[in-house]
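Chain by chain, the residues:
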Amino acid sequence: MIRVRFAPSPTGYLHLGSARTALFNWLVARGESGRMVLRVEDTDRRRSSRDMEDSILEDLRWLGLEWDEGPDIGGEYAPYRQSERGDIYREHAGRLLEEGKAYPCYCTLEELEERKQKALAEGRAPIYDGNCRELTAQERMEREAEGRRPALRFRVPEGDIEFEDLLHGKMRFSSSVIGDFLITRNDGSAGFNFSVVVDDATMKISHVIRGEDHLTNTARHVLLFQALGYPVPLYLHQSLLMGSDGAKMSKRHGATAVRNYREAGYLPGALTNYLALLSWSPPEGREVLGLDELARSFDIRQLSASPAVFDREKLDWLNGRHIRNMPLDTLVEKAAPFAPGWSGHPLFPLMIESVLDNIVTLGELPFYMEVYGEPAKPGEKAAPWLRGDTALRVLGRALRDLSSIEIEDLEDARELIASLKQEFLEKGMKPREVLMPVRVALTGRERGPALPYIVTVLGGTECEERLRRALAGME
Ligand code: GLU
């Protein structure tokens, strides 16, 4: 059974890069009838918070990336918060200590730092120098008597560490660059590498899919799996998310948190679609895919190892496509919170339909809805459309038509505008010369949704009123 996990540290909002990791894990679990575990890595008590954990879970749910086991729903291998797994780490550390695979280290932070600086100054690798590796029982007792409390270090065996990465192929690290690393700190808490391995082992994770930044940690992890006598999982380290300048995607490239995109009115399906496409091409070249479609056609073996460069324009394009692909009533529901001043209007769905071709994000709705509010005072470019004889004739005619027809729906408005256009085209006028004066008279703007929508939403009486006002201004 395939078991994957997403293991966020709750120290900030869910980052786009982490969301991509979650997505790949989720796609593998869904595609292979596997299980997805959500594990909260909150061992850094100072930087972690329950609020951040909640926000990460909420954003994952919003993205549609649900998990099968996790801190909120439990599961066979609970608990799923590292802060609640202290006993499990202690038990495993005790085993390594007993078997001589780990040893107590009494060095203080200051001593370690001092020796590290010395190593750097002498051009040696700044790894642990093995100071406490071979202490005698007597020497240990002396240190304990000084009041020192030991941390535990893993005794890294000599030789090369090899593992197969599903994306990068064979990886080899020399143990000489690793140095004996901490498995528990001197306050008894588990170190990062140790807790990850104990958790992956005891949660029976079969595939570890995570960012390339963990690649060097993996050498340590493989050693720990072997020392503890657990099978080593399969690894896939995906490329990191980069800004256009090739540096790791960070705030200086723009918004990095999923939450920012959610608040700006991006659709979850567009984000997951985009994040998948960053490192993968759909087999039939069809790029616009919902999450379910992604799950069906995604194949982790086709993932690309090249850097994934974030491209906002492509995301915008996809978001527009997802907006237009969505059934109108679903879209209206999603749009409502973004246009609170309008969502109660009986014709709100029609308003949304009218701007479908233009909007990129739902966050732009208030801007596009303005056209249905109070008319603007025509600006420099719009004003000339309300001058001259032709405009006068067009508006006069529009007013007469409006007063003789009841506008009940979009069809009525379409007919009205079509017949107005027809009449003046026959007299040799261009479509713009007919439509622009009407548009500017009704909204004060040169741009906006197709005229029939405007006429329908404003209603016949309001339109007459605005035409009359425009005509009065022209005389
Ligand atoms: N908690 C780690 C992080 O947020 C992930 C560790 C892992 O995937 O092994 O970077």
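Let us look at the structure shown here. (Residues numbered from 1 in each chain as written. Predicted model: local features only at pLDDT ≥ 70, side-chain atom pairs only at ≥ 80, totals over all residues. Heavy atoms only, no water.)

**Looking at the packing of aromatic side chains**
The relative placement of two aromatic rings is captured by the distance of their centres and the angle of their planes. By the definition in use, this model includes nine aromatic pairs. Between Y261 and Y266, the ring centres sit 5.3 Å apart and the planes meet at 65 degrees, which makes this aromatic pair edge-to-face. Like Y266, Y261 is buried. On the basis of an interplanar angle of 90 degrees and a centroid distance of 5.6 Å, the ring pair of Y274 and F310 is categorised as edge-to-face. In this pair, Y274 is assigned in helix α9 (residues 268-277) and F310 in the loop between β11 (308-309) and α11 (312-325), connecting sequence segments 36 residues apart. In this structure, Y274 and F310 share a single accessibility class: buried. Members of the aromatic cluster, connected to one another through ring pairs, are Y261, Y266, Y274 and F310. The residue whose ring lies beneath R153 is Y128, and the NZ or CZ to ring-centre distance is 3.6 Å. The residue whose ring lies beneath K427 is F424, and the NZ or CZ to ring-centre distance is 4.9 Å. (Phe/Tyr/Trp six-rings, centres within 6.5 Å; stacked < 30°, edge-to-face > 60°. Buried < 20%, exposed > 50% of the residue type's maximum accessible area, 1.4 Å probe, protein only. Helix = DSSP H or I, 4+ residues; strand = E, 2+ residues; numbered from the N terminus. Lys NZ or Arg CZ within 6 Å of the ring centre and 35° of its normal.)

**Focus: empty space enclosed by the protein**
Scanning all chains against the criterion turns up one cavity of 30 Å³ or more. Space inside the largest cavity adds up to approximately 40 Å³. Every residue along the wall of the largest cavity is listed here: A398, L402, L416, I417, L420, V438, L442, V455 and L467. Put simply, the parts of the chain that give the lining of the largest cavity at least two residues each are α15 (388-404), α16 (410-426) and α17 (431-443). Of all the elements, α16 adds the most residues to the lining of the largest cavity, at three residues. (1 Å grid on protein atoms, 1.4 Å probe; cavity = no way out; pocket = protein on both sides within 12 Å on 5 of 7 lines; lining within 4 Å. Points joined across faces, edges and corners; volume = space filled by probe spheres on them.)

**Some remarks on the state of the cysteines**
A full pass over the atoms with the stated rule returns zero disulfides. For the unlinked cysteine C132, the closest cysteine sulfur is that of C107, found at 3.6 Å. (Disulfide = S-S within 2.5 Å.)

**Comments concerning the layout of surface pockets**
Which parts of space are left empty comes out when a probe the size of a water molecule is rolled across the atoms. Within this model, the largest pocket holds a volume of roughly 1,100 Å³. S9, H15, S18, D213 and H214 are the residues nearest the centre of the largest pocket, which is lined by 39 residues in total. Counting residues per element, the ones that place at least two in the lining of the largest pocket are β1 (3-6), α1 (16-31), α6 (192-202) and β8 (207-211). For the lining of the largest pocket, the leading source of residues is α1, giving four residues.

**A closer look at the site of the ligand**
Close contacts around the ligand come from R5, A7, S9, E41, F192, V196, R210 and H214, and that covers them all. Here an oxygen atom of the ligand and a side-chain polar atom of R5 are 2.7 Å apart. With respect to the pocket detection grid, the ligand is positioned in the largest pocket. Residue classes in the shell around the ligand are distributed as three nonpolar, two polar and three charged. (Near = heavy atom within 4 Å. Polar contact = N/O pair within 3.5 Å; in protein donor to acceptor, adjacent residues only side chain to side chain. Sits in = over half its atoms within 2 Å of the grid points. Nonpolar A, V, L, I, M, F, W, Y, C, P; charged D, E, K, R; others polar.)

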